[in-house]
Number of protein chains: 2
Amino acid sequence: MKPHGPIPPGFAADADGMLLIGDQRADELADAAGDTPLFVYDSKMLTARVAAWRAAMPHDVQLHYAMKANPYGPLLGHMAMMVDGLDVASGGELRAARTSGMATGHISFAGPGKRDREIEAAIKAGATLNLESAGEAQRALAIGARLGIVPQLAVRVNPDFDLKGSGMKMGGGAKPFGVDSGEVPALVRRLLDAGADWQGFHIFAGSQALDAAAIAETQAQTVALAGRLAHEIGTAPPLVNLGGGLGVPYFPGDSAVDVAAVGRALGETLAARDPALADSRFAMELGRWLVAEAGVYLTRIVDRKTSHGETFLVTDGGLHHQLAASGNFGTVIRRNYPIAVANRFGADPVETVSVVGCLCTPLDRLGDQVALPRADVGDLVAIFQAGAYGATASPSAFLGQGPAQEMLV
Amino acid sequence: MKPHGPIPPGFAADADGMLLIGDQRADELADAAGDTPLFVYDSKMLTARVAAWRAAMPHDVQLHYAMKANPYGPLLGHMAMMVDGLDVASGGELRAARTSGMATGHISFAGPGKRDREIEAAIKAGATLNLESAGEAQRALAIGARLGIVPQLAVRVNPDFDLKGSGMKMGGGAKPFGVDSGEVPALVRRLLDAGADWQGFHIFAGSQALDAAAIAETQAQTVALAGRLAHEIGTAPPLVNLGGGLGVPYFPGDSAVDVAAVGRALGETLAARDPALADSRFAMELGRWLVAEAGVYLTRIVDRKTSHGETFLVTDGGLHHQLAASGNFGTVIRRNYPIAVANRFGADPVETVSVVGCLCTPLDRLGDQVALPRADVGDLVAIFQAGAYGATASPSAFLGQGPAQEMLV
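Since this is a predicted model, take the numbers as computed values, not measurements. (Residues numbered from 1 in each chain as written. Chains lettered and ligands numbered in written order. Predicted model: local features only at pLDDT ≥ 70, side-chain atom pairs only at ≥ 80, totals over all residues. Heavy atoms only, no water.)

A.B. asks: Before we move on, can you summarise unusual backbone geometry with the specific residues and values?
C.D. replies: Residues and elements named next belong to chain A. Going from Thr36 to Pro37, the amide bond is cis rather than trans, its omega being -5°. Summarising the element assignment, Pro37 is placed in the loop between helix H1 (26–33) and strand E4 (38–41). Unlike most non-glycine residues, Gln369 shows phi in positive territory, near 50°. Mapping Gln369 onto the fold places it in strand E20 (residues 365–372). (Helix = DSSP H or I, 4+ residues; strand = E, 2+ residues; numbered from the N terminus.)

Here's what the structure looks like:
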């Protein structure tokens, strides 16, 4: 038997033992969707998550949603109502963000491979470009000049530090992201000289960290770096985007990040900040932490079989919707995501089984030798922490399967 | 500097140093597609590959194409003209196969999570179901009875051996695929007693092997297993699908599998086979080996930048089209696929660079510290062995990017 990740708090069953998502029964949600597998996103959990963040953080820190985590239209619209800005990572995301209800002045675009047409679309829309290189800065200035529009430009800084314990390091050493911090002052001065509307810094040192102290330390380093850069430039950044970094517990032994501790430390950091940043605004940009926990992936068991004494539950879902949960995206060693039998939610485990997807590849495993209540053909399996980097971060066309249903409840 | 995989033979440049694919210049192909990135598949190389297989193999062995490797419509139609059967892995692939020109009597459907509606569609179409379990067999018989159609059923066998050195082991021990070999005779007798049209065995021990001797040994074991099963059943299988297993060289040090040696050994194996299999037909089912080499992924450089002394070429493509090449699908340690600067093809390398995609994640790396000729913004990078498990095996919706162009030339 191998352990699975912790089931997120806040999920419960009705008297029949059926998992409830947004107060609705999992089986009825599947019926309403018309097919399995499906992603269900709980709007009340999203709202609560934003509220929890605001309660924990200094009141003047802005919250941006990195929509790459989950761009599903209804969810994006819900988030846009609650957050202070959207971060997009492509021209496609920019188009979606512009229909979300968020004012384009609060949309920023980061990403190392922006094409000219994407830069042009952002400048025309009045979104802020987080510049990733001197070359991109030149292209943005030239396109702004050609259009006769003053571009809103921020500089993404590649910091010399990374976020300790983060699942993905975005700073510290040679990176494709941003401009090495030593070259930032000269670049910002060029932007100012060219008459651009300089928006400030975007400094993203890592993501998916669970250690509040490490996040706090990185934020302190980030604010200090912004202060040093402001001195060197001679002008204060209007906005310092501190990046994100808050992770969620996917795996056995993981526990939730202490956001209250992060917020307290950030308050102290900002209170003691360099006077050069006195008038700067600060933002955090979060994706996964805001939306992962509100999402559940429901897939139906289509076969139960035994091979060489091991029991397999074969589902109609799989890695084509849950690439990361299958252990094939960003992880070296496969570990089990939080998983449950949705129609026996909370029941004691009685057997060890492997839950596999319907794809004809040994990579397609959603739960490896997990202890579960008895489950049979027709039952529903739930994979948790499915609200981020699920539907769009998986190869949905693989083996002709196609995308899963999605619904916001 | 880290090495990259071997450039497949058969690719050359014109006098300008421009890579040719199907005798057409890479830059002109990109122009014709209207956008980058794009997958280009060379129909002549596909044709030559099938011919090479037929020249190497005993003349009475059939060739099936496993369309999961590449289901692009024009390519599928081209393959359907040349091979003896198509293997599909879902109802979606079945629909595509039925429009490919292949007679449905030569379509077989394998996959561990077939839904009732998929089984029904296959039976109605007259395709063969490769049964993965006793439970699936019961469902297929019941659906056939309900429809009043005698179902064409083969049994996928989980062999007790695997393919040595294969990238993916599909046999040997507990597996979600097929029926443990010891339980196959009783299941086949039940199918025969129920009046099903029993089509034989599907025995797939592994894929992506480069060692001809290992493949030959596995094929000998497979034929021996089919013979033992035929004795135990008392009836000869009409067809024995020997699976595939032939790999392609992706990585430094890989070399092409010696198909002539595989063919010679298979000829000897079949000549010496159990008399119980005297009237059985044999097939190999290949995906990757048939189509990988004929495909090239072309992506344009949109930025060239330096960070802490390292040079990055940032492209408009990435892991959203080339998940396996980025090292995030089925590999533990990332190694470089074959890669070149398409417009300086064959030129001597002059610098060490990393080629990254446009996604805002450190996972998006197409070439890590590879030695390449000088390349600048606007140049085209080619990733080879891109004809299999590329476009559909990658998360094309990730970060709002969308699918790549595809073309058959």
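A.B. asks: Give a description of the sheet that holds strand E3 (residues 24–25) of chain A that names residues and reports values.
C.D. replies: Residues and elements named next belong to chain A. A sheet is described by the order of its strands in space; here three strands give the open sequence E1-E2-E3, paired in antiparallel fashion. With partners counted over all chains shown, the strands left at the sheet margins are strand E1 (12–13) and E3, one partner each. Two elements, strand E2 (residues 19–21) and E3, share two bridges in a ladder whose sense is antiparallel. The residue bridging Leu20 from the neighbouring strand is Arg25, located in E3. (Pairing = 2+ DSSP bridges.)

A.B. asks: Which residues make up the sheet that holds strand E1 (residues 12–13) of chain B, and what values go with them?
C.D. replies: What the three strands build is an open sheet, ordered E1-E2-E3 (chain B); its pairing is antiparallel. The sheet is open, and its two borders are formed by E1 and strand E3 (24–25) of chain B, each paired with just one other strand.

A.B. asks: Pulling in residues and values, what's your account of the interface of chain B and chain A?
C.D. replies: Listed as interface residues are 68 residues of chain B and, on the opposing side, 68 residues of chain A. Taking both partners together, chain B and chain A bury about 5,200 Å²; carbon and sulfur atoms supply 60% of that area. On the chain B side of the contact with chain A, Arg115, His308 and Cys360 of chain B bury the most area, a combined 12% of that side's loss. With a closest N to O distance of 2.9 Å, Arg117 of chain A and Asp35 of chain B form a salt bridge. Connecting chain B to chain A are 30 residue pairs in polar contact (both at pLDDT 80 or more). Those elements that provide at least two residues to the side of chain B that touches chain A are helix H4 (91–98), helix H6 (134–147), strand E9 (152–158), strand E10 (168–169), strand E16 (295–307) and strand E17 (310–315) of chain B. Residue contributions to the side of chain B that touches chain A peak at five residues, all from E16 of chain B. In the side of chain B that touches chain A, the residues fall into 27 nonpolar, 22 polar and 19 charged. (Contact = heavy atoms within 4.5 Å. Buried area = accessible area lost by both parts, 1.4 Å probe. Salt bridge = Lys/Arg side-chain N within 4 Å of Asp/Glu carboxyl O. Polar contact = N/O pair within 3.5 Å; in protein donor to acceptor, adjacent residues only side chain to side chain. Nonpolar A, V, L, I, M, F, W, Y, C, P; charged D, E, K, R; others polar.)

A.B. asks: Go over the pairing of strand E21 (residues 380–383) of chain A, please, and point to the residues and values.
C.D. replies: Residues and elements named next belong to chain A. Burial along E21 is two-sided: Leu380 and Ala382 facing one way and Val381 and Ile383 facing the other are all buried. The sheet contact formed by strand E16 (residues 295–307) and E21 spans four bridges and is antiparallel. Residue pairing across strands places Thr299 opposite Val381, the latter belonging to E21. In this sheet, E21 lies alongside strand E18 (residues 339–341) in antiparallel orientation, the contact comprising three bridges. Opposite Ile339, over in E21, you have Ile383 as the bridge partner. (Buried < 20%, exposed > 50% of the residue type's maximum accessible area, 1.4 Å probe, protein only.)

A.B. asks: Tell me what's going on with the relation of the copies chain B and chain A, and back it up with residues and numbers.
C.D. replies: Note on the identical chains: chain B maps onto chain A by a rotation of 180° and an axial translation of 0.0 Å, with an RMSD of 0.0 Å. As the rotation angle and translation indicate, the two copies are arranged about a two-fold axis. Scanning chain B for the C-alpha nearest the rotation axis identifies Pro395 of chain B, at a separation of 1.9 Å. Take the interface residues of chain B: 100% of them recur as interface residues in chain A, which is what a same-surface contact looks like. (Least-squares fit on C-alpha atoms with pLDDT ≥ 70 in both.)

A.B. asks: Describe helix H5 (residues 116–125) of chain A, with residues and values.
C.D. replies: Residue and element names in this part refer to chain A. Those residues of H5 lying buried are Glu118, Ile119, Glu120, Ala122, Ile123 and Ala125. If you follow the buried residues of H5, they end up packed against helix H4 (91–98), strand E7 (107–109), strand E8 (128–131) and helix H6 (134–147). Following H5 by one or two positions, Gly126 has its phi on the positive side, about 85°.

A.B. asks: Now, about the domain arrangement of chain A: what can you tell me, with residues and values included?
C.D. replies: Residue and element names in this part refer to chain A. Under the domain assignment, chain A is made up of domain 1 (12–41 + 293–408) and domain 2 (71–286). Once you take the C-alpha centre of each, domain 1 and domain 2 turn out to be 34 Å apart. Listed per partner, the contact involves 12 residues of domain 1 and 10 residues of domain 2. When the buried surface of domain 1 facing domain 2 is broken down by residue, Arg335, Gln385 and Leu408 rank first, second and third, together holding 42% of it. Inspection of the region where domain 1 meets domain 2 yields two residue pairs in polar contact (both at pLDDT 80 or more). At three residues, strand E22 (residues 405–408) tops the list of elements feeding residues into the side of domain 1 that touches domain 2. Classifying every residue of the side of domain 1 that touches domain 2 by side-chain character gives six nonpolar, four polar and two charged. (Domains from an automatic or database assignment.)

A.B. asks: Account for the pairing of strand E19 (residues 351–356) of chain B, naming residues and giving values.
C.D. replies: All names here are of chain B. In terms of residue burial, E19 counts as a mostly covered element, since five of its six residues are buried. Note: E17 against E19, four bridges, orientation parallel. Among the inter-strand pairings, Leu313 is bridged to a residue of E19, identified as Val355. In terms of strand pairing, E19 meets strand E20 (residues 365–372) through five bridges, oriented antiparallel. Paired with Val356 across the two strands is Arg365, which belongs to E20.

A.B. asks: Which residues make up the environment of Ala110 of chain B, and what values go with them?
C.D. replies: Residue and element names in this part refer to chain B. Structurally, Ala110 can be placed in the loop between strand E7 (107–109) and helix H5 (116–125). Relative accessible area serves as the criterion here: at 2%, Ala110 is assigned to the buried category. The spacing of Ala110 and Phe177 is 67 residues in sequence and 9.1 Å in space, taken between C-alpha atoms. Discounting residues that sit within four places of it in the chain, Ala110 has contacts with Asp87, Val88, Ala89, Asn130, Glu132, Arg156 and His202.

A.B. asks: Go over empty space enclosed by the protein with me, naming the residues and quoting the values.
C.D. replies: A complete count under the given rule lists eight cavities of 30 Å³ or more for this structure. A volume near 60 Å³ is recorded for the largest cavity. Considering the residues around the largest cavity, the lining is formed by 13 residues, among which Leu163, Ala205, Thr218, Leu242 and Gly244 of chain A are closest to the centre. Examining the composition of the lining of the largest cavity, we find that four residues originate from one element, helix H8 (residues 212–233) of chain A, more than from any other. Taken together, Leu163, Ala205, Gly206, Ile215, Thr218, Gln219, Leu242 and Gly244 of chain B make up the full set of residues lining the second largest cavity. Here the lining of the second largest cavity gets three residues from one element, more than from any other, and that element is helix H8 (residues 212–233) of chain B. Its residues assigned to classes, the lining of the second largest cavity comprises four nonpolar, four polar and no charged. (1 Å grid on protein atoms, 1.4 Å probe; cavity = no way out; pocket = protein on both sides within 12 Å on 5 of 7 lines; lining within 4 Å. Points joined across faces, edges and corners; volume = space filled by probe spheres on them.)

A.B. asks: Residue-level account of the layout of surface pockets, with values.
C.D. replies: Computed from the structure, the largest pocket encloses a volume of approximately 1,000 Å³. As for the largest pocket, its lining consists of 39 residues, of which Gly327, Thr331 and Val332 of chain A together with Thr331 and Val332 of chain B are closest to the centre. Breaking the lining of the largest pocket down by element, the ones donating at least two residues are strand E10 (168–169) and E20 of chain A together with E10 of chain B. Looking at the lining of the largest pocket residue by residue, the class counts come to 17 nonpolar, 12 polar and 10 charged.

A.B. asks: Explain the packing of aromatic side chains residue by residue, including any values.
C.D. replies: In the structure shown here, the tally under the stated rule is 22 aromatic pairs over all chains. Considering the side-chain rings of Phe398 of chain A and Phe329 of chain B, the 5.8 Å spacing of their centres and the 70° angle between planes classify their relative orientation as edge-to-face. With Phe398 of chain A in the loop between E21 and E22 and Phe329 of chain B in the loop between E17 and strand E18 (339–341), this residue pair bridges two chains. The pair formed by Phe398 of chain A and Phe329 of chain B is uniform in burial state, with each residue classed as buried. One aromatic cluster is present, built from ring pairs that chain together Phe39, Tyr41, Tyr72 and Tyr297 of chain A. Lys114 of chain A extends its terminal NZ or CZ atom over the ring of Phe109 of chain A, reaching a point 5.4 Å from the ring centre. (Phe/Tyr/Trp six-rings, centres within 6.5 Å; stacked < 30°, edge-to-face > 60°. Lys NZ or Arg CZ within 6 Å of the ring centre and 35° of its normal.)

A.B. asks: Explain the nonpolar core to me, using residue names and the numbers behind them.
C.D. replies: With 267 residues, the main nonpolar core has Leu19, Tyr65 and Phe201 of chain A together with Leu19, Tyr65 and Phe201 of chain B as its most contacted residues. With residues up to four places along the chain from it excluded, the contact list for Leu19 of chain B reads Phe11, Ala12, Ala13, Gln24, Arg25, Ala26, Val296, Leu298, Ala342, Phe345, Ala382 and Phe384 of chain B. (Core = buried A, V, L, I, M, F, W, Y, C linked by side-chain atoms within 4.5 Å.)

A.B. asks: Lay out the packing of helix H2 (residues 43–56) of chain A against helix H3 (residues 73–82) of chain A in plain terms, naming residues and giving numbers.
C.D. replies: Residues and elements named next belong to chain A. Where H2 meets H3, the closest approach of the two axes is 11 Å, and the angle between their N-to-C directions is 30°. Overall, the two elements H2 and H3 adopt an arrangement that is roughly parallel. The chirality of how H2 crosses H3 is right-handed. Residue-level contacts link Ser43, Leu46, Thr47, Val50 and Arg54 of H2 to Leu75, His78, Met79 and Met82 of H3. (Axes fitted to C-alpha atoms, helices over the stretch in contact; angles between N-to-C directions. Parallel < 35°, antiparallel > 145°, perpendicular 65-115°, else oblique. Left-handed = near helix turned anticlockwise from the far one by under 90°.)

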